[in-house]
Amino acid sequence: MNKMYLKMTAIMMASVFLFSSCASIVSKSTYPLSINSSPSNAKVSITDKKGKEIYLGNTPATVKLKAGAGFFSKAEYQVKFSSPGYDDKIVPITFKLDGWYFGNILIGGLLGMLIIDPATGAMWKIETEFLNETLSISTASIDPEMKIMNINEVPENWKTHLVRVN
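Attention here is on the structure that accompanies the text. (Residues numbered from 1 in each chain as written. Predicted model: local features only at pLDDT ≥ 70, side-chain atom pairs only at ≥ 80, totals over all residues. Heavy atoms only, no water.)

Core analysis: the largest hydrophobic core is formed by 21 residues, its most contacted members being Leu-33, Ile-46, Leu-65, Val-79, Phe-81, Ile-93 and Phe-95. Listed by contribution, the elements that provide at least two residues to this core are strand E1 (30-38), strand E2 (43-48), strand E4 (61-66), strand E5 (76-82), strand E6 (89-97) and strand E7 (124-126). Excluding its chain neighbours within four sequence positions, the residues that come into contact with Leu-33 are Ala-61, Thr-62, Val-63, Leu-65, Val-79, Ile-93, Ile-126, Thr-128, Glu-129, Phe-130 and Leu-131. (Core = buried A, V, L, I, M, F, W, Y, C linked by side-chain atoms within 4.5 Å. Buried < 20%, exposed > 50% of the residue type's maximum accessible area, 1.4 Å probe, protein only. Helix = DSSP H or I, 4+ residues; strand = E, 2+ residues; numbered from the N terminus. Contact = heavy atoms within 4.5 Å.)

Spelled out as structure tokens, the structure:
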């Protein structure tokens, strides 16, 4: 009975190492992204690399983003900030290769390196987990104005363009 128990334990341990992958165990395949802006309550739109909108809301917000976009393909996102009276701002969100992916050489084996981590997206890690963007006041939103000036207030270089009205 004792030998059977040892064999079963050895088989279970071998299965864990053969059918798991390092990045999938240590890392994750979705990451939270905290989004904030100045001014607050700005509209936020997140699109994936295919242009599909995956989130629409206001700041502050926290969104979970998938690290992978298919087999051996990392995800890429565009975060667009907009607020009335401010210029729109677009910030890219990218992913990089997770260092734990190379742990498959020791722990996960070929199955983890070539199938599990690439399929789950666990081989990729988000480059930034926090966005805190300041929007610029839009100069296009300033309303044009008409000003009546005394002739003495008009700059000299403008006076050549004046037309006398009776």
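What holds strands together in a sheet is hydrogen bonding between their backbones, with the strands either parallel or antiparallel. Ordered by their spatial adjacency, five strands build an open sheet running E3-E2-E5-E6-E7, and the pairing between neighbours is antiparallel. A single partner strand is all that each edge strand has here, and the edge strands are strand E3 (53-58) and E7. With strand direction ignored, the average angle separating the axes of adjacent strands in the sheet is 20°. (Pairing = 2+ DSSP bridges. Axes fitted to C-alpha atoms, helices over the stretch in contact; angles between N-to-C directions.)

Attention now moves to the side chain of Ser-45. By the secondary structure assignment, Ser-45 is in strand E2. Accessibility expressed as a relative area gives 12% for Ser-45, which makes it buried. Here the side chain of Ser-45 touches Glu-53 through a polar contact of 2.7 Å, side chain to side chain. Among residues more than four places away in sequence, those in contact with Ser-45 are Glu-53, Tyr-55, Leu-56, Gln-78, Val-79 and Lys-80. (Polar contact = N/O pair within 3.5 Å; in protein donor to acceptor, adjacent residues only side chain to side chain.)

Here we come to the sheet that holds strand E8 (residues 130-134). The three strands are arranged E4-E1-E8 in an open sheet whose pairing can be described as mixed. The open sheet has two edge strands with one neighbour each: E4 and E8. Within this sheet the neighbouring strands show an average axis-to-axis angle of 25°, counted without direction. Note that E1 and E4 share six bridges and pair antiparallel.

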